[in-house]
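A closer look at the structure
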Amino acid sequence: MLADAIRSEAYRFSKNRMGVFWSTLFVPVLMLVIGVAVYLFTKARMAEVMEKAPELAAEMPAGTVDLGQTLVSAAGGFANPITLLFILIGVATLYAGDYRWETWRLTSARNSRPNLLLGKLAVVTGVTLLALVFWLVFQMIDGVISAAIFDSNLTFTMDGTDFGQFAALAALNIVRVLQFTMIGLLAAVFTRSLLAALFVPLVVAVGQFFLGQSMGLIGLESSDWIAHLAMPALGVDALKTVIQDGFVTTNAPDGIVLKAIVGLTAWTLIPLAAALAWFQRQDLSKE
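Numbering of residues starts from 1 in every chain and runs along the sequence as written. Only residues with pLDDT of at least 70 are given local features in this predicted model, and only at 80 or more are side-chain atom pairs given and counted; all residues enter the totals for whole chains, interfaces and linings. Side-chain descriptors were evaluated using all non-hydrogen atoms of the structure, hydrogens and water having been removed beforehand.

The next subject is the overall build of the protein. In terms of regular secondary structure, the protein is built from 12 helices and two strands. Mapped from its N terminus to its C terminus, the protein presents α and β elements in the order α-α-α-β-α-α-α-α-β-α-α-α-α-α. Whether a residue is buried, partly exposed or exposed follows from its accessible area with a 1.4 Å probe, protein chains only, as a fraction of its type maximum: under 20%, in between, or over 50%, in that order. The burial tally for the protein puts 41% of its 287 residues in the buried class. As presented, the protein carries roughly 14800 Å² of accessible surface, and 68% of it is formed by carbon and sulfur atoms. Here a strand is any run of E in DSSP of at least two residues, a helix any run of H or I of at least four, and the numbering for each starts at the N terminus. Note that accessible areas follow from Shrake-Rupley with a 1.4 Å probe, and for residues the cover is restricted to the protein chains shown.

Shown next, in the form of structure tokens:
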């Protein structure tokens, strides 16, 4: 029955072409266009400098673009604020669309309510994976274009450690996206509103950002339990640092990994559990 719910949600979402585009393709394309524009501008300025001081050309070493390291770096930067925003645009429609179109009463009789929500969550996971694939591909294209514009050498190096960091960073960023969208799921179920599913996560994220900026004023340290329980993004940053340092935590504050995992897990599972519990008892006769 869960498989039926997943297939149904995947089919419906695939027909929402604009939702698929904004959630998966827009940000990678935008970043590529901005990157190429910056490269061309920089190259033009460099050409002007070389004309005025040609002796500098011989002193400038040829650069190297390592596509393997580009992949590792791109995996770590996937769950940035812009990506989170545009994935949320498509995901909010997926979570709240049945309330808006009054279709819950047509589907709830054919499957269990937990399966209906879990089917949506499975599709959101698939959308996130697809967005990650596009993000990595376009970052690689960006590296190739950069090498062509600046006459740099292209290489690809990735050993076992690099691959482990790549996989861990990709998994961490996927979890971060899902955690962020769980707030939208909870808002959609509680309010039955598409706008709430879109804006409540943004308001929460902005509030957490300003809380992080004011930690020193209220006597909070980034290694405190309360900080990680209040700001999951803080835990993501801490885990990212540990991963990029090769999982060497000797220089990290005591218990930082545990605090980060607990905070991120709580902000993922508690909204999901609350949404499932409320949806189970919700009257859908008018939807």
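That covers the picture; the talk isn't over yet.
Topologically, threonine 24 is positioned in helix H2 (residues 17-52). We call two residues in contact when some of their heavy atoms are within 4.5 Å. Not counting residues within four places of it along the chain, the set of residues in contact with threonine 24 comprises Val127, Leu130, Ala131 and Phe134.

So, about the layout of surface pockets. Space inside the largest pocket adds up to approximately 560 Å³. Residues are called lining when one of their atoms sits within 4 Å of a cavity or pocket point, these points coming from a 1 Å grid over the protein atoms alone, where a cavity is a set in which a 1.4 Å probe fits but cannot get out and a pocket is an open set with protein on both sides within 12 Å along at least five of seven lines. Every residue lining the largest pocket is counted, 20 residues in all, and those nearest its centre are Pro81, Arg176, Ala205, Phe209 and Ala233. Grid points are joined across faces, edges and corners, and a volume is the space filled by probe spheres set on the points.

This part is about the nonpolar core. In this description, a nonpolar core means a group of buried Ala, Val, Leu, Ile, Met, Phe, Trp, Tyr and Cys residues linked to one another through side-chain atoms lying within 4.5 Å. Core analysis: the largest hydrophobic core is formed by 55 residues, its most contacted members being Phe78, Tyr95, Trp104, Leu136, Leu185, Val189 and Phe279. At the level of elements, helix H4 (67-76), helix H5 (81-101), helix H7 (113-149), helix H8 (160-191), helix H9 (194-213), helix H11 (232-244) and helix H12 (256-280) are the ones that each hand at least two residues to this core. Counting residues per element, this core draws most heavily on H8, at 13 residues. With near-sequence residues (within four places) excluded, phenylalanine 78 lies in contact with Thr83, Ile87, Thr128, Ala131, Leu132, Trp135, Asn173 and Val177.

Okay, the packing of H8 against H12 next. Helix-helix packing: each pair is described by the crossing angle between the helix axes and the interaxial distance. The axes are straight lines fitted to the C-alpha atoms, using for helices just the contacting stretch, and the angles between their N-to-C directions are given from 0 to 180°. Axis separation between H8 and H12 bottoms out at 8 Å; the angle between their running directions is 30 degrees. As judged from the angle between their axes, H8 and H12 are roughly parallel. Once H8 is placed against H12, the crossing between them reads as left-handed. On H12, the residues touching Leu172, Val175, Gln179, Met182, Ile183, Leu185, Leu186, Val189 and Phe190 of H8 are Leu264, Trp267, Thr268, Pro271, Leu272, Ala274, Ala275, Trp278 and Phe279. Here the nonpolar group is Ala, Val, Leu, Ile, Met, Phe, Trp, Tyr, Cys and Pro; Asp, Glu, Lys and Arg are the charged ones; every other residue, Gly included, is treated as polar. Each residue belonging to the contact of H8 with H12 can be placed in one class, and the counts come to 16 nonpolar, two polar and no charged. What sets the label is the angle itself: under 35 degrees gives roughly parallel, over 145 gives roughly antiparallel, 65 to 115 gives roughly perpendicular, and the rest give oblique. Crossing handedness: left-handed means the near helix sits turned counterclockwise from the far one by under a right angle, and right-handed means the same turn made clockwise.

On to H9, then. An expected span of 1.5 Å times one less than the residue number is assigned to each helix. Relative to the 28 Å expected for 20 residues at 1.5 Å per residue, H9 spans 30 Å between its end C-alpha atoms, a close match to the ideal helical length. Buried residues of H9: Ala196, Ala197, Leu198, Pro201 and Gln208, and no others. Polar contact is the term for a pair of N or O atoms within 3.5 Å; when the atoms are in protein, one must be able to donate a hydrogen and the other to accept it, and sequence-neighboring residues count only if both atoms are side-chain atoms. Two or three places before leucine 195, at the start of H9, stands the capping residue serine 193, its side-chain oxygen 3.3 Å from that residue's backbone nitrogen.

Here we come to unusual backbone geometry. At glutamate 102, a residue that is not glycine, the phi angle is positive and equals roughly 55 degrees. With respect to the helices, strands and loops of the structure, glutamate 102 is situated in the loop between H5 and helix H6 (104-107). Of note, aspartate 151 is a non-glycine position whose phi angle comes to about 55 degrees, a positive value. In this fold, aspartate 151 is placed in the loop between H7 and strand E2 (153-155). Judged by relative accessible area, aspartate 151 falls into the exposed class, the value being 58%.

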